[in-house]
Amino acid sequence: MEALVCQKIGDPTLPLGGGSAPIAVDRSHPVPPLSSPTSVRVRVAATSLNYANYLQVLGKYQEKPPLPFVPGSDYSGVVESVGDKVERLRPGDRVCSFAALGSFAQLVVADEKDLFSVPDGCDLVAAGALPVAFGTSHVALVHRAQLKPGQVLLVLGAAGGVGLSAVQIGKVCGAVVIAVARGTEKLQFLQSLGVDHVVDLSNENILESVKRFLKAKGLKGVDVLYDPVGGKVMKDSMKLLNWGANILVIGFASGEVPVIPANIALVKNWTVHGLYWGSYKIHRPKVLEDSLKELLSWLAKGLIKIQISHAYSLYEANLAFAAIKERKVIGKVMLVIDSSAGARSKL
Ligand SMILES: NC(=O)c1ccc[n+]([C@@H]2O[C@H](COP(=O)([O-])OP(=O)(O)OC[C@H]3O[C@@H](n4cnc5c(N)ncnc54)[C@H](OP(=O)(O)O)[C@@H]3O)[C@@H](O)[C@H]2O)c1
């Protein structure tokens with residue numbers, strides 16, 4: 001089978017096949033065997049590129065697998081074969097899931113319990129982008145911060161993969177959503193989703209813009225801060241938080257880990273949530289399972305929509321990584337592996 005293999009640490013945006021490129025397509029990679037009676041082999045339709053996949057090939061992610069490895073986490077596809085004891089799934093069923101590694105390939109093997117059925121009517125390619133981005137934001141906002149209708153949610157990096165999912169989940173929960181991003185195209189898209197206020201960091205001061213909005217609406221401050229960015233924008237955002245606010249520490253796309261002053265957290269009764277979604281699989285698998293089931297039901301009802309801004313083949317993976325690196329993405333970047341699943345080379 002074909003698989004994208006990371007042979008050395010380096011810049012994944014370099015053209016594939018060049019001497020210094022860390023990644024290459026292996027056309028005769030071994031097909032993963034059914035490893036237990038309850039395992040299922042899935043023919044991958046599409047797999048999403050997350051910022052973490054980019055950091056992992058660069059050697060800057062917290063999980064550092066031994067080389068060589070096949071990167072990739074969330075995916076969707078069609079069941080190809082099943083073990084003797086599989087009860088719920090049959091060949092031809094449409095599923096999505098996530099793995100620690102290995103989804104940038106034509107075939108993956110997972111245990112039946114880790115596969116989620118993609119409801120009829122939901123786009124199979126788009127479903128490959130649901131688990132990590134929407135799963136992270138759902139666990140953060142619904143399970144951890146327990147976001148309530150009418151609360152003010154401030155989302156940083158709001159047009160990116162996790163940010164855009166947080167914006168949509170915030171709207172489903174009935175929150176007042178403030179979205180922060182950079183550039184007219186991203187801001188227009190966020191406005192089209194019906195967010196309550198947008199801040200364009202390329203030409204606006206976040207403090208002035210948000211304070212003006214809150215005053216006009218008779219609101220005191222921000223109740224939940226969703227932060228996948230860190231750095232200066234996070235530091236500024238803390239000045240907007242209400243007494244009793246929840247801070248969701250999601251990631252550091254700016255490259256700068258923010259400092260949250262404990263003395264101010266004490267005085268203002270803030271709750272700081274560090275959130276590593278993937279670790280729920282080990283420590284709270286039921287939370288993760290319930291969360292993905294609820295998200296798939298929301299997808300089927302049209303309450304959330306997966307926005308794919310770029311889609312590439314395995315052979316164009318360097319372009320997919322470049323879209324992430326250059327901050328061009330609105331929503332998700334996909335690697336579409338089985339074109340019969342209805343995908344185009346570039347959307
Ligand atoms: N905790 C978890 O379990 C978990 C799960 C998934 C993701 N994450 C983390 O969340 C972060 C975002 O992931 P993602 O997949 O949403 O990435 P993404 O799609 O690339 O979005 C990142 C956003 O951050 C903003 N940004 C600000 N400064 C940036 C910089 N210097 N370089 C790149 N982007 C910058 C960009 O928005 P503008 O250009 O509009 O400013 C961009 O839209 C990453 O750090 C990732 O590791 C954590």
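Residues numbered from 1 in each chain as written. Predicted model: local features only at pLDDT ≥ 70, side-chain atom pairs only at ≥ 80, totals over all residues.

What follows is about the confidence of the model for the protein. The pLDDT averaged across the protein works out to 95; a share of 98% of its residues lies at or above 70. The model gives residues 342-347 a pLDDT under 50, and that stretch makes 14 contacts with residues more than four places away or in other chains. (pLDDT = per-residue confidence, 0-100. Contact = placed C-beta atoms within 7 Å.)

With that settled, consider the sheet that holds strand 13 (residues 271-274). Read across the sheet, six strands follow the order 10-9-8-11-12-13 without closing on themselves; strand pairing throughout is parallel. Across the chains shown, the open sheet's two edge strands, defined by having one partner strand only, are strand 10 (197-200) and strand 13. Geometrically, the sheet is characterised by an average inter-axis angle of 15 degrees between neighbouring strands, direction not taken into account. Both strand 9 (residues 176-181) and strand 10 contribute to a ladder of four bridges, which runs parallel. Following the sheet pairing, Ile178 is matched in strand 10 by His197. (Pairing = 2+ DSSP bridges. Helix = DSSP H or I, 4+ residues; strand = E, 2+ residues; numbered from the N terminus. Axes fitted to C-alpha atoms, helices over the stretch in contact; angles between N-to-C directions.)

The N-to-C vectors of helix 3 (residues 130-144) and helix 10 (residues 285-301) enclose an angle of 110 degrees; their axes lie 9 Å apart at closest approach. Judged by the inter-axis angle, helix 3 sits roughly perpendicular to helix 10. Within the contact between the two elements, helix 3 uses Leu130, Pro131, Phe134, Gly135, His138, Val139 and His143 and helix 10 uses Val287, Leu288, Ser291, Leu292, Glu294, Leu295 and Leu299. Tallied by class, the residues present in the contact of helix 3 with helix 10 amount to nine nonpolar, four polar and one charged. (Parallel < 35°, antiparallel > 145°, perpendicular 65-115°, else oblique. Nonpolar A, V, L, I, M, F, W, Y, C, P; charged D, E, K, R; others polar.)

With that settled, consider unusual backbone geometry. Following Leu67, the chain continues to Pro68 via a peptide bond in cis, the omega torsion being -10 degrees. Note on placement: Pro68 falls in the loop between helix 1 (51-58) and strand 4 (74-82). With phi around 55 degrees, Asn269 is a residue other than glycine that occupies positive phi space. The phi dihedral of Arg327 is positive, around 60 degrees, even though this residue is not glycine. For Arg327, the position within the fold is in the loop between helix 11 (317-325) and strand 15 (332-336).

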